[in-house]
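Spelled out from the first residue to the last, the chains are:
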Amino acid sequence: QCRTFQNKLLTIEDFTKQQKKLITIHSSDEHAFEVPNDVAQLIQFVHACAEGSEDDDVILPKVKARELSKILEFCILHATAPMQNIPTPLRTTDLEATVGETYYAFVQSIDVTHERVELILAVDFLGQDSLMSLLCAHMAILANTSDNVDAFLSKFATRSGFVDINTEGISYLSNNIHKSSGVRK
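Bear in mind that the values here come from a model prediction, so they are computed numbers and not experimental data. (Residues numbered from 1 in each chain as written. Predicted model: local features only at pLDDT ≥ 70, side-chain atom pairs only at ≥ 80, totals over all residues. Heavy atoms only, no water.)

## Quick notes on the pattern of salt bridges
- As enumerated under the stated definition, the model contains 4 salt bridges in all.
- Salt-bridge contacts for glutamate 73 lead to lysine 70; the nearest nitrogen and oxygen are separated by 3.3 Å. With glutamate 73 and lysine 70 both in helix H4 (residues 65-80) and 3 residues apart, this pair spans about one turn of that helix.
- Looking at glutamate 73, the relative accessible area reads 35%, which means it is partly exposed. (Salt bridge = Lys/Arg side-chain N within 4 Å of Asp/Glu carboxyl O. Helix = DSSP H or I, 4+ residues; strand = E, 2+ residues; numbered from the N terminus. Buried < 20%, exposed > 50% of the residue type's maximum accessible area, 1.4 Å probe, protein only.)

## Section: the packing of H4 against helix H6 (residues 101-108)
- At their nearest, the axes of H4 and H6 sit 11 Å apart, and the two run at 180° to each other. When the interaxial angle is binned, H4 and H6 end up roughly antiparallel. Every residue of H6 that contacts H4 at Lys70, Glu73, Phe74, Leu77 and His78 is listed here: Thr102, Tyr103 and Phe106.
- Per-class residue counts for the contact of H4 with H6 are 4 nonpolar, 2 polar and 2 charged. (Axes fitted to C-alpha atoms, helices over the stretch in contact; angles between N-to-C directions. Parallel < 35°, antiparallel > 145°, perpendicular 65-115°, else oblique. Contact = heavy atoms within 4.5 Å. Nonpolar A, V, L, I, M, F, W, Y, C, P; charged D, E, K, R; others polar.)

## Here we look at the packing of H4 against helix H8 (residues 129-143)
- Interaxial distance between H4 and H8 falls to 10 Å at its minimum, and their mutual angle equals 110°. Taken as axis vectors, H4 and H8 run roughly perpendicular relative to one another. Counting all contacts with H4, which are made through Ile71, Phe74 and His78, the residues of H8 involved are Ser130, Leu131 and Leu134.
- In terms of residue class, the contact of H4 with H8 is built from 4 nonpolar, 2 polar and no charged.

## Brief notes about H6
- Here H6 has its buried residues at Tyr103, Phe106 and Val107. Within H6, the buried residues cover an arc of 90° as seen down the axis, which keeps them to one side. (Arc of directions from axis to C-beta.)

## Looking at the pairing of strand S3 (residues 32-36)
- Across the 5 residues of S3, 4 count as buried, placing the element largely inside the fold.
- A loop of 5 residues connects strand S2 (residues 22-26) with S3, the two strands running antiparallel in sequence, and glutamate 30 in this loop sits at a positive phi of about 65°. (Pairing = 2+ DSSP bridges.)

## Brief notes about H4
- With 16 residues, H4 extends 22 Å between its outermost C-alpha atoms, agreeing within 8% with the 22 Å of an ideal straight helix rising 1.5 Å per residue.
- For H4, every residue scored as buried is listed here: Ala65, Glu67, Leu68, Lys70, Ile71, Leu72, Phe74, Cys75, Ile76 and His78. (Expected span 1.5 Å × (residues − 1).)

## Brief notes about the nonpolar core
- Counting 42 residues, the largest nonpolar core has Ile25, Leu60, Leu68, Ile71, Leu131, Leu134 and Leu135 as the members making the most contacts within it.
- Excluding residues within four positions of it along the chain, leucine 134 makes contact with Phe74, Met83, Ile86, Leu95, Val99, Tyr103, Phe106 and Val107. (Core = buried A, V, L, I, M, F, W, Y, C linked by side-chain atoms within 4.5 Å.)

## What to know about the environment of phenylalanine 33
- Within the secondary structure, phenylalanine 33 is located in strand S3.
- You can call phenylalanine 33 buried: its relative accessible area is 6%.
- Residues phenylalanine 33 and isoleucine 23, 10 residues apart in the sequence, show an inter-C-alpha distance of 8.1 Å.

## Here we look at the packing of aromatic side chains
- In this structure the tally under the stated criterion is 3 aromatic pairs.
- With 5.7 Å between their ring centres and 55° between their planes, phenylalanine 74 and phenylalanine 106 make a pair best called tilted. Taken together, the residues phenylalanine 74 in helix H4 and phenylalanine 106 in helix H6 connect sequence positions 32 residues apart.
- Exposure remark for phenylalanine 74: the relative accessible area of 0% places this residue in the buried category.
- In this structure an aromatic cluster arises from ring pairing among Phe74, Tyr103 and Phe106. (Phe/Tyr/Trp six-rings, centres within 6.5 Å; stacked < 30°, edge-to-face > 60°.)

## What about the confidence of the model for the chain?
- The share of residues in the chain with pLDDT of 70 or more is 65%, and the mean pLDDT across the chain is 76.
- Between residues 1-11, whose pLDDT stays under 50, and residues either more than four places distant or in other chains, the model counts 21 contacts.
- Note that pLDDT drops below 50 for residues 160-166; the model gives that stretch 11 contacts with residues more than four away or on any other chain. (pLDDT = per-residue confidence, 0-100.)

Below, the structure is given as structure tokens:
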């Protein structure tokens, strides 16, 4: 079922011109993104919703447009030039050497740590493992120590008012970031 939104439909023109089937993904704040099926299928939640369905619209109840646009940007990068798996624990703090210039530039484009955590939560909800690995590796390098990761995540939960992040959520994120860094809790 197609819903009409006030906001203009955004397209990822360069990539979609060569694709035949497009899927429209709607964010929780009523933005619509028209993306090629191949890109949409890289997101587990979207893949599950679209599988066996005649409907080309997927509504994401917990993901805002800001996070969804970054996730889709990553998926387009990944569809055109797949990122190599990131070893855990990280062998170096030089993330650019690990993932390459393009993916390093992508993760550097996320301005504020607060935005990184919200993006990690959205990625976790949607199920995009490669992006989750990249973000957790980046956070592990930024935090540098176990205490820094836990302190930051607790401060974020208190400040943000993010309903879904609680002690269990902090522990989950902390474990993923620690796994990336190889630092034991």
